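# Chain and residue survey
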Amino acid sequence: MAEAEATEEKNAGTKAPCDATTIAFVSFLRSEAEAADSRAKQLWAQAEKLIHDHGLEQHFQSAPKKPGRKPKRKRANDPDRKKPKLTGYTLFMKEVNSTVREENPSLGAQNVVQRVAQLWNEKSDEQKQEWKSKAEDHSNENAKKDEGVGKEKATLEREDDNEKVNADKAEDDKKDQTSEVV
């Protein structure tokens, strides 16, 4: 009886009051479900053992996979790949995301993104245009950096090729000198 009173005190703020009978029934259902899970595992193990012992693998192969979406192939991480152009919204998202997160530490990631999107939608067209021009400037700076890196990389590759050719020539000269001596 004291157990029922304690349960009623716990459930005082809930929608439907629970009595001891309901609690006992829920406990019974959970224990039966656990017992059924345990029994099912035992039966599967017994069936697998019989299949293996009697060589019935060809009769009990796993079911064929249902047709559906194929998993996406992972794209190779190419350092030379051009990055997508930065938009005003993505730049705004990058800069404002951390601020929103600091102001509302209890918000989850999805809610933070929703809040940033809400802030973006509240911006006027002039403010959005400012962000778009910032993003364009940022993209242009990155494009210039990428061009410089590409030129440097091409120069380094040419230098490496020249070094290999020179090393091959030096090796051939050594072989010629040794053959002349012999």
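Report follows, based on the coordinates. (Residues numbered from 1 in each chain as written. Predicted model: local features only at pLDDT ≥ 70, side-chain atom pairs only at ≥ 80, totals over all residues. Heavy atoms only, no water.)

### Regarding the packing of aromatic side chains
Here is the rule: Any two rings among Phe, Tyr and Trp, with Trp reduced to its six-membered ring, count as a pair given centres within 6.5 Å; such a pair is stacked if its planes are under 30 degrees apart, edge-to-face if over 60, and tilted if neither. Secondary structure follows DSSP: runs of H or I at least 4 residues long count as helices, runs of E at least 2 residues long count as strands, and numbering of each begins at the N terminus. Burial here depends on accessible area, computed with a 1.4 Å probe over protein chains only, as a share of the maximum for the residue type. Under 20% is buried, over 50% is exposed, and the range in between is partly exposed.
Within the structure shown, the criterion is met by four aromatic pairs. For the pair Phe25 and Phe28, a centre-to-centre distance of 6.5 Å together with 25° between the ring planes defines the contact as stacked. Of this pair, Phe25 and Phe28 both sit in helix 2 (residues 20–53), separated by three residues, roughly a single helical turn. Each ring, one from Phe92 and one from Trp120, has its centre 5.2 Å from the other, and the planes form 50°; the classification is tilted. Within this pair, whereas Phe92 is found in helix 3 (residues 88–103), its partner Trp120 is found in helix 4 (residues 109–122), the two being separated by 28 residues in sequence. Like Phe92, the residue Trp120 is buried in the burial classification. Taken together, Tyr89, Phe92, Trp120 and Trp131 form an aromatic cluster joined through their ring pairs.

### Some thoughts on the environment of Asn97
Defined as follows: We call two residues contacting when some pair of their heavy atoms lies within 4.5 Å.
Mapping Asn97 onto the fold places it in helix 3. Assessed through its relative accessible area of 17%, Asn97 is described here as buried. Sequence separation between Asn97 and Arg115 is 18 residues, and the spatial gap between their C-alpha atoms is 8.8 Å. Among all residues touching Asn97, those that are not within four sequence positions of it are Phe92, Val112 and Val116.

### Here we look at the pattern of salt bridges
What counts, and what does not: We define a salt bridge as a contact between a side-chain nitrogen of Lys or Arg and a carboxyl oxygen of Asp or Glu at a distance within 4 Å.
All told, the structure shown has one salt bridge when counted by the stated rule. Across the salt bridge formed by Asp53 and Lys49, the nearest N and O atoms sit 2.9 Å from each other. Here Lys49 and Asp53 lie together in helix 2, a separation of four residues that amounts to about one turn. Judged by relative accessible area, Asp53 falls into the partly exposed class, the value being 46%.

### Remarks on a nonpolar patch on the surface
The criterion, for reference: Patch members must show over 30% relative accessible area and no salt bridge, and they are joined within 9 Å when carrying like charges or within 5 Å when they are nonpolar side chains of Val, Leu, Ile, Met, Phe, Trp or Tyr. Here the accessible surface of atoms and residues is derived via Shrake-Rupley with a 1.4 Å probe, and residues count as covered only by protein chains that are part of the display.
Together, Phe25, Phe28 and Leu29 give the surface a local cluster of nonpolar side chains, amounting to about 310 Å² of exposed area. With respect to the helices and strands, the residue Leu29 is situated in helix 2. What makes Leu29 partly exposed here is its relative accessible area of 42%.

### Quick word on the environment of Ala135
Take Ala135: it is sitting in helix 5 (residues 125–181). For Ala135, a relative accessible area of 0% translates into the label buried. Taking the C-alpha atoms as reference, Ala135 lies 5.6 Å from Thr87; in sequence the two are 48 residues apart. Every residue in contact with Ala135, bar those within four places of it in the chain, is listed here: Leu86, Thr87, Gly88 and Leu91.

### Describing the side chain of Lys128
Note the threshold: A positive count includes Lys and Arg, and a negative count includes Asp and Glu. His and the chain ends are not counted in either.
You can see Lys128 is positioned in helix 5. Notably, Lys128 is buried but unbridged: the nearest opposite-charge side chain belongs to Asp125, and the N-O separation is 4.9 Å. Among residues more than four places away in sequence, those in contact with Lys128 are Trp120, Asn121 and Lys123.

### Regarding the packing of helix 3 against helix 4
Here is the rule we go by: Angles here are taken between N-to-C directions and fall from 0 to 180 degrees, while the axes themselves are lines fitted to C-alpha atoms, restricted in helices to the stretch in contact. Roughly parallel refers to an angle under 35 degrees, roughly antiparallel to one over 145, roughly perpendicular to one between 65 and 115, and oblique to any angle outside these ranges. Crossing handedness follows the turn of the near helix against the far one: under a right angle anticlockwise gives a left-handed crossing, and clockwise gives a right-handed one. Gly counts as polar in this scheme, as do all residues outside two lists: the nonpolar Ala, Val, Leu, Ile, Met, Phe, Trp, Tyr, Cys and Pro, and the charged Asp, Glu, Lys and Arg.
Running from N to C, helix 3 and helix 4 point in directions that differ by 120°, and their axes come no closer than 9 Å. Classified by the angle between their axes, helix 3 and helix 4 sit oblique to one another. Along this stretch, helix 3 crosses helix 4, giving a crossing that reads as right-handed. Along the contact surface, helix 3 presents Gly88, Tyr89, Phe92, Met93, Val96, Asn97, Val100 and Arg101, while helix 4 presents Val112, Val113, Arg115, Val116, Ala117, Leu119 and Trp120. Within the contact of helix 3 with helix 4, the residues separate by chemical class into eleven nonpolar, two polar and two charged.

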